[in-house]
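# Architecture and fold: a report
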Amino acid sequence: NKKGTLADYFTGEPGNFDIVAFQAVTVGSKIMDAIQKLNSEKEFTKAYLLHGVSVHLAEALAEYVHNIVRTELKLKSDQGKRYSPGYPLWEDIKDQQKIFKLLEVEKRLNVRLSESFQMIPEASTTAMIIYNDRAEY
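A short tour of the structure in this document, coming up. (Residues numbered from 1 in each chain as written. Predicted model: local features only at pLDDT ≥ 70, side-chain atom pairs only at ≥ 80, totals over all residues. Heavy atoms only, no water.)

Before going further, it helps to examine the overall build of the protein. When helices and strands are tallied, the protein shows four helices and five strands. A principal-axis box enclosing the C-alpha atoms of the protein has dimensions of 60 × 30 × 30 Å. Considering only residue pairs separated by 6 or more positions, the protein has 63% of its internal contacts joining residues 24 or more positions apart. For the protein, the accessible area works out to roughly 9,200 Å², and carbon and sulfur atoms hold 55% of it. (Helix = DSSP H or I, 4+ residues; strand = E, 2+ residues; numbered from the N terminus. Contact = heavy atoms within 4.5 Å. Areas by Shrake-Rupley, 256 points an atom, 1.4 Å probe, with all protein chains shown as cover.)

In structure tokens, the structure reads:
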């Protein structure tokens, strides 16, 4: 399905149901403040490494939430793929606004979107998780 669209994973057939979840996670702004402080103190290597850790923490948190959903829905441990706006199968990054509205991300997580639809703080992710067995990247 790499040549198709995400909509291809939804059958719409009577009696068949499709499962989708939306998520937003963040490691918060304190870590970004620490990175800015390190940069201002010319501790560039430490800032770079802390930034890397923060991005990996956000990804690990997204996978953790994904696994909670799998468990609650009694799905296979490898079932479901996460898709985010701005990536190849969901190219329109402006769709971040839709997820933000749906999940009330700004209100609940204190994450906002920049004019170019990037999340602030940066170590944050949003996704639509499609639990179709055929879902792939």
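Core analysis: the biggest nonpolar cluster contains eight residues, these being Leu 6, Tyr 9, Tyr 83, Trp 90, Ile 99, Met 128, Ile 130 and Ala 135. In terms of nonpolar packing, the next biggest core, distinct from the first, is built from seven residues, Ile 31, Ile 35, Leu 38 and Ala 123 among them. (Core = buried A, V, L, I, M, F, W, Y, C linked by side-chain atoms within 4.5 Å. Buried < 20%, exposed > 50% of the residue type's maximum accessible area, 1.4 Å probe, protein only.)

A few words on the packing of aromatic side chains. Summed over all chains, the structure comprises one aromatic pair. Considering the side-chain rings of Tyr 9 and Tyr 83, the 6.3 Å spacing of their centres and the 25° angle between planes classify their relative orientation as stacked. Taken together, the positions of Tyr 9 in the segment before β1 (20-26) and Tyr 83 in strand β2 (residues 81-83) put the pair 74 residues apart, joining distant regions of the chain. Each member of the pair Tyr 9 and Tyr 83 is classed as buried. (Phe/Tyr/Trp six-rings, centres within 6.5 Å; stacked < 30°, edge-to-face > 60°.)

Following the sequence through the fold, Val 25 ends up in strand β1. On the basis of relative accessibility, which here comes to 6%, the residue Val 25 falls in the buried class. Along the chain, Val 25 and Glu 43 lie 18 residues apart, while their C-alpha atoms are 28 Å from each other. With residues near it in sequence (within four places) discarded, Val 25 still touches Ala 58, Leu 61, Ala 62, Val 65, Leu 109, Ser 124 and Thr 125.

Let us look at the packing of helix α1 (residues 30-40) against helix α2 (residues 44-72). At a minimum axis separation of 8 Å, α1 and α2 run at an interaxial angle of 165°. It follows that α1 is roughly antiparallel to α2 by the angle criterion. Between α1 and α2 lies a crossing whose hand is left-handed. Along its contact with α1, which presents Ile 31, Met 32, Ala 34, Ile 35, Leu 38 and Asn 39, the element α2 presents Phe 44, Lys 46, Ala 47, Leu 50, His 51, Ser 54 and Leu 57. Of the residues belonging to the contact of α1 with α2, the class tally is nine nonpolar, three polar and one charged. (Axes fitted to C-alpha atoms, helices over the stretch in contact; angles between N-to-C directions. Parallel < 35°, antiparallel > 145°, perpendicular 65-115°, else oblique. Left-handed = near helix turned anticlockwise from the far one by under 90°. Nonpolar A, V, L, I, M, F, W, Y, C, P; charged D, E, K, R; others polar.)

The omega torsion of the bond from Ile 120 to Pro 121 falls at 5°, within 30 degrees of zero and hence cis. Residue position: Pro 121 is located in the loop between β4 (119-120) and β5 (124-130). With a phi angle near 55°, Lys 74 is a residue other than glycine that sits in the positive phi range. Note on Lys 74: relative accessible area 76%, which makes it exposed. One non-glycine residue, Glu 104, adopts positive backbone phi at about 50°. Note that Glu 104 resides in the loop between α3 (96-103) and α4 (105-109).

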